[in-house]
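Examination of the molecular architecture
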Amino acid sequence: MLLRRRAASAYVRKLLYFAILCGLLWLLWMGLRGVMSTGEGDQAVEALNEFYTMEQSGNFGGSWELFHSQMKKKFEKSTYVQQRAHVFMQDMGTDTFTFELGEPQVEYDIRTDPNGEDLGKVYRITVTQHYKTRFGNFDIVQPCYVTQEDEEWRVLWIYKEKEQT
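Everything numeric here is computed off the predicted structure, so don't read it as measured data. (Residues numbered from 1 in each chain as written. Predicted model: local features only at pLDDT ≥ 70, side-chain atom pairs only at ≥ 80, totals over all residues. Heavy atoms only, no water.)

Moving on, we get to the overall build of the protein chain. Looking only at helices and strands, one finds five helices and five strands in the protein chain. Along the protein chain, helices and strands appear, N-terminal first, in the series α-α-α-α-α-β-β-β-β-β. Buried residues in the protein chain amount to 29% of all 165 residues. Considering only contacts within the protein chain whose residues lie at least 6 apart along the sequence, 57% involve residues at least 24 apart. Approximately 11600 Å² of the protein chain is accessible, and the part contributed by carbon and sulfur atoms is 55%. (Helix = DSSP H or I, 4+ residues; strand = E, 2+ residues; numbered from the N terminus. Buried < 20%, exposed > 50% of the residue type's maximum accessible area, 1.4 Å probe, protein only. Contact = heavy atoms within 4.5 Å. Areas by Shrake-Rupley, 256 points an atom, 1.4 Å probe, with all protein chains shown as cover.)

Below, the structure is given as structure tokens:
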């Protein structure tokens with residue numbers, strides 16, 4: 001009888017060790033997988049972070065390059081660079097800003113304007129820009145959209161018709 005208990009006890013112990021080993025291997029695998037590959041949402045955030053980092057340093061030409069083709073149709077590069085520099089740096093009297101990016105949220109059936117082409121899967125990320133200007137401190141909060149175009153992550157702003165008041 002004592003021999004059976006010891007044999008059963010040794011079997012349970014081996015089974016427990018095996019389960020713990022499998023659990024540790026699974027945790028290691030999940031951790032490495034998370035470190036090795038970023039998800040699409042993370043890639044969208046990285047692209048938007050790069051866009052606003054360029055804007056923050058006054059590199060409006062570089063940020064324009066990260067626009068989706070639909071945005072590039074709205075703004076010629078030289079016009080965009082000139083207007084962004086004029087509005088933010090000259091009119092507001094600031095040479096930089098800080099910004100925060102919200103969590104990416106997947107959306108579908110998004111168009112840049114009511115007559116625009118459907119973009120498919122996009123990530124909506126709220127951007128908050130913090131300005132210290134000659135007119136005081138204020139924040140601009142804007143939903144931005146990031147999607148893939150030709151395997152590159154591109155930035156969009158959405159234009160909807162003005163609401164009637």
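Back to the text.
The tendency in soluble globular proteins is for nonpolar side chains to be buried as a group. With 31 residues, the main nonpolar core has Leu48, Phe51, Tyr52, Phe67, Tyr80 and Trp157 as its most contacted residues. Mapped onto this core, the elements with two or more residues apiece are α2 (40-56), α3 (60-65), α5 (77-91), β3 (122-133), β4 (136-149) and β5 (152-156). Looking at which element gives the most residues to this core, the answer is α2, with six residues. With near-sequence residues (within four places) excluded, Trp157 lies in contact with Phe51, Tyr52, Phe67, Met71, Phe75, Tyr80, Arg84, Thr112, Gln142 and Cys144. (Core = buried A, V, L, I, M, F, W, Y, C linked by side-chain atoms within 4.5 Å.)

Let us now look at the pattern of salt bridges. Counted under the stated rule, the structure contains four salt bridges. Two residues, Lys77 and Glu65, come together in a salt bridge whose shortest N-O distance is 2.7 Å. Highlighted residues: Lys77 in helix α5 and Glu65 in helix α3, separated in sequence by 12 residues. Between Arg124 and Glu107 there is a salt bridge whose closest N-O contact spans 2.4 Å. Of the two residues, Arg124 is situated in strand β3 and Glu107 in strand β2 (residues 105-107); the sequence distance between them amounts to 17 residues. Taking the relative accessible area as the measure of exposure, Arg124 reaches 23% and is therefore partly exposed. (Salt bridge = Lys/Arg side-chain N within 4 Å of Asp/Glu carboxyl O.)

Another aspect to go through is a nonpolar patch on the surface. Nonpolar side chains collect at one region of the surface, where Leu16, Tyr17, Ile20, Leu24, Trp26 and Leu27 lie side by side and expose about 680 Å² of accessible area between them. Secondary-structure assignment places Leu16 in helix α1 (residues 2-36). You can call Leu16 partly exposed: its relative accessible area is 49%. (Patch = residues over 30% accessible without salt bridge, like charges linked within 9 Å, V, L, I, M, F, W, Y side chains within 5 Å.)

This brings us to the packing of aromatic side chains. If you walk through the whole model with that rule in mind, you get 15 aromatic pairs. Taken together, a centroid distance of 6.3 Å and an interplanar angle of 15° make the contact between Phe67 and Phe75 stacked. Given a relative accessible area of 1%, Phe67 falls into the buried group. Relative to Phe138, the ring of Tyr131 has its centre 5.7 Å away and its plane inclined at 25°; by these criteria the two rings are stacked. Each residue in the set Phe51, Tyr52, Phe67, Phe75, Tyr80, Phe88, Phe97, Phe99, Tyr131, Phe138 and Trp157 is aromatic and connected to the rest through ring pairs, giving one cluster. (Phe/Tyr/Trp six-rings, centres within 6.5 Å; stacked < 30°, edge-to-face > 60°.)

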